[in-house]
Amino acid sequence: MDKIIAQQALEMALKAGAEKARVVLTESSLNTYSLLDGELERLQHSLSSSLYFQLFVDGKYGTFSTNRMEPGDFAKYLHEAVESTKLLAPDTCRTLPDPKFYFRGEAQDLGQFDPSYYQISPDSKRELLEKLGEEIDRSDKRIISVSNEYEDYRENVYTVDSQGFSGETGQTLFSLSTECSVKGRGDVRPQNFWYDSTMFFETLPLGCGKISLERTLGMLGAKKVRSGKYHVVIDRTVASRVVSPIFSALSGGAIQQKNSFLLDSIGKKVLSEKLTITDTPHLPGLMGSRWFDSEGLATTQRDIISKGVPQTYFLTTYFANKLGMDPTVESVSVPGIEPLGEDSAAKMMGSIGRGIFITGFNGGNCNSATGDFSFGIEGYLFENGVISHPIKEMNMTGNIISLWNNVSNIGKDYRECSRWRIPSLAFSDVDLSGI
Amino acid sequence: MEFDKKYLDLFGIKESDLREVLSIALARGGEYADLYFEYTVSNELSLRDGEVNATSSNIDYGVGIRVVCGEKTGFAFTEQTTLAEMKNAAQIAAQIASLPPSEAAIPSQFTPIVGKNYTPVLSPWEDHTVTEKMAFLTALNEKTFAKDSRITKVLERLTDSNTKILFYNSLGETFTDERPMAALVLTCVMEDNGRIESSSSSRSFRMGYEFLNEALLDEMAEEAYQKGIILFEASQPKGGQMPVVMGAGGSGILLHEAIGHAFEADFNRKGTSIFSDKLGKQICDKSINIVDDGTVMHNRGSVNIDDEGIPGQKTYMVKDGILNSYLHDRISAKFYNTAPTGNGRRESFRFMPIPRMRATYMENGTCREEDLIADVKQGIYVDNFSNGQVQIGAGDFTFYVKSGYLIENGKLTTPIKDINIIGNGPEALADIIGVADNNKIDNGTWTCGKEQYCPVSCGMPSVLIKQLTVGGIN
């Protein structure tokens, strides 16, 4: 990428009146091919560039972004952004980072960019997609439609600031997905999907077609189940849904606004001893790995939760200044539960006996201030350790802290292609509402 | 047609360039092509800890080139509107077809598509300074804190934008459009005896600076306050199946999730919607009429002309209880051999248009809200929502209730909060057993996330639904 554009843009921002500034240059491209019932239905190509300015002007803060990359096209607007920023109230907490927190040194290759990206021909992408399309035997009269999609994405980001920090990242991502629709009882037409993704084209596996159809057919005959307290096993594909509220509650924005159910929780045991979450940002070949965040703050391996005790907030320089603390990092990179357990979801169901196996969430939300949540769920009733029948129209309701104090088992089976390495999870005494 | 020269200048193009690009787009046998030029300037101002201390502005510019061949779509965009870049994008989009070149020539004359203006601006945003806008945010902060000493934090965000569109298609049609948008969001955190709750209010209209006024601030401060204090008395109720009275306004989320998406004709032409075989059939009580409307003045979901050149219009989805029309873009309308309904919308030039809702609401019935509540022995009343979702094929929809009340023996009693409600679209629609006469459109910052983000709104009179599954504690 042409880093000179960003460096020149930084000089322009300083000349326009910013005392300090950061400029982020992003270039990305996306290619998508979709087949509907074996025929090419959609073809999409995009190539994007943008410049993002963070301006620190007389103790005041403003941002400006544009996808018009020629200085002559945005100089006037950049100047106006600086002038508008001068009109704001000062905010002494808005600063560039203390340089001691910057990532320094040589960033080793995290193995996130496929050098063959530019050489992969459209024909080879479509060939792969067509092979995927052949996975499903269409003789099953219940099948209404099958959609297959190939997508590749490339993103390069270069960040430079007026304190001398600069850093560049590059990632590629390739994915294949299948969505099936089948005829059910009456007018019902269940749909489900499966996907695989990798950062290298040659390792992109086939197989999601068959899994997608199995998942869709498995939804036929869904029934409501009586309301009550249940054991639940949450499948690895969706288990992050009960982890993400914890990360949100530990974010600097939530803590500073006192809008968090984990306010003042650092060092206190608020969750189950079974829960330890570690961020491992330097593992190669993973989507979330990084040496530094968007401010240039160095990432480190650290415990987020240790045996039920929150260890850190996610603090940008701004929220760290607001709270009178040191910055950490803006958000998690590659979080994982450690140590992993020994069981798969099936084995968990086997040992529990009766409960609900949750394979999908349908809407719902979590109150960031209290941790109260209520989610629509999809999945199966299991009895005697094996799946009995699919369920429908049910909600799971409770409080995130209470839920995590009722965690009964942590699995071993996170998906390799997921950014968050969260395995299947089992909880007891969970409130479900149905009939 | 003589294009408005300022638009041609804005995008640095000539009419002859556009003809050439369209010809390339159809060179592999595509049936239809369009060029969607967009120039958007947006601004944001935010207040935190009592000070208006952050601003941002953004410029977005480019052209999306689409080629349609039957139900197939090729799409590419470029952020540089040079002839070379546009020709390159057109060649990529053209690859969706692999037929001999279309014999239909691009018409030599281009006819303007005329739409009404549902979004007139009295006072353009660019005529006003940051200082003028700041005064409103500061006033809203003061009005909010003045409500109650339990309010500990206030966050505000004001956004304004103006989008200029130039459109041109292979049928020889063209239009230009200006699309203003304004939104104000207020969030407050309250603390009572160590218990913390947060609440918010928002408003969004397609308006200029006249959007900001004292009455708006008073209304938003009061709404956020009222939504917040109720939470201190509220708890998650006992869950299960029960009657639900949905209060007027934001309850329109039921229509958006339970039936709106399933009426979008891209799902129906593929046979994947639970309503795919229901066109022309009775699907609910004959007193019920449901509309998707792009013509509500200043509404967040209104469209003068949609993003593929169809004038804004009002579409009866359900008329007298009968499924009257799906929501169409050009592709689905051709499939169903009917006229497009003006629902072809896109997030920006970076996306291809697909059928999307606009302002979706139910027309008034004849009941009174208090009578609907009085009819319920044991159930809930809900009127404050945050988000929803639907499974198009299975028909199962959900929406999240921030707050409401228990109904016991026909009266509102204990406040409730933080529950998800789930139901099945066709069943819920058929289970509406009372519609009140108090229809209200909710003018919050509703945004639909079907593949791409799109501003919408929703509304509804109060209705009584015989039975939905309510999340809760057992």
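Thresholds, definitions, all that
- Residues numbered from 1 in each chain as written.
- Chains lettered and ligands numbered in written order.
- Predicted model: local features only at pLDDT ≥ 70, side-chain atom pairs only at ≥ 80, totals over all residues.
- Helix = DSSP H or I, 4+ residues; strand = E, 2+ residues; numbered from the N terminus.
- Buried ≥ 20, exposed ≤ 12 C-beta atoms within 10 Å, placed from the backbone.
- Contact = placed C-beta atoms within 7 Å.
- Nonpolar A, V, L, I, M, F, W, Y, C, P; charged D, E, K, R; others polar.
- Pairing = 2+ DSSP bridges.
- Core = buried A, V, L, I, M, F, W, Y, C linked by C-beta atoms within 7 Å.
- Domains from an automatic or database assignment.

J.: Would you mind going over the environment of Ala 254 of chain A with me for this structure?
T.: Residues and elements named next belong to chain A. By secondary structure assignment, the location of Ala 254 is in helix α6 (residues 252-256). On the basis of neighbour counts, which here come to 23 C-beta atoms within 10 Å, the residue Ala 254 falls in the buried class. On a C-alpha basis, the gap between Ala 254 and Leu 315 in space is 10 Å, while along the polypeptide they are 61 residues apart. When neighbours within four sequence positions are excluded, Ala 254 is seen to be in contact with Ser 248, Ala 249, Asn 259, Ser 260 and Ser 368.

J.: Explain the interface of chain B and chain A here, please?
T.: Quoted interface sizes are often the accessible area lost when the parts come together. Taken together, the contact pairs 68 residues of chain B with 63 residues of chain A. No other element matches strand β2 (residues 51-69) of chain B, which puts 12 residues into the side of chain B that touches chain A. Among the residues making up the side of chain B that touches chain A, the classes are represented as 23 nonpolar, 33 polar and 12 charged. Strand direction decides the pairing type here: strand β2 (residues 39-57) of chain A and strand β3 (residues 72-78) of chain B, joined by 4 bridges, are parallel. Pairing of His 45 of chain A across the sheet is with Ala 76 of chain B, part of β3 of chain B.

J.: Just checking my understanding: could you explain unusual backbone geometry for this structure?
T.: What is expected of a backbone is that most residues other than glycine have negative phi and most peptide bonds are trans. A cis geometry characterises the amide bond from Glu 338 of chain A onward to Pro 339 of chain A, with omega recorded as -5°. Relative to the assigned elements, Pro 339 of chain A resides in the loop between β11 (335-337) and α8 (345-352). Even without being glycine, Asp 418 of chain B reaches a positive phi, approximately 50°. Within the element layout of this structure, Asp 418 of chain B appears in strand β17 (residues 411-424). The class of Asp 418 of chain B is buried, set by 29 C-beta atoms lying within 10 Å.

J.: Before we go on, may I ask you to explain the nonpolar core in this structure?
T.: For soluble globular proteins, nonpolar side chains are generally found buried alongside one another. Ile 400 of chain A together with Val 244, Val 245, Leu 255 and Ile 380 of chain B are the most contacted members of the largest nonpolar core, which has 169 residues in total. Here the element with the most residues in this core is strand β6 (residues 173-192) of chain B; it accounts for 8 residues. Of the residues that make up this core, three or more belong to each of domain 1 (3-217) and domain 2 (222-435) of chain A. Leu 255 of chain B has contacts with Gly 260, Ile 290, Thr 360, Tyr 361, Met 362, Cys 458 and Met 460 of chain B, leaving out every residue within four places of it along the chain. Ala 25, Ala 89, Ala 94 and Val 303 of chain B belong to the second-largest nonpolar core, a separate cluster that totals 55 residues.

J.: What should I look at first to understand the domain arrangement of chain A in this one?
T.: Residue and element names in this part refer to chain A. What the domain assignment reports for chain A is domain 1 (3-217) and domain 2 (222-435). Taking only C-alpha atoms, the centre of domain 1 and the centre of domain 2 are 25 Å apart. Listed by contribution, the elements that provide at least two residues to the side of domain 1 that touches domain 2 are β4 (143-161), β5 (166-182) and β6 (191-198). Ranked by residues supplied to the side of domain 1 that touches domain 2, first place goes to β5 with 4 residues.

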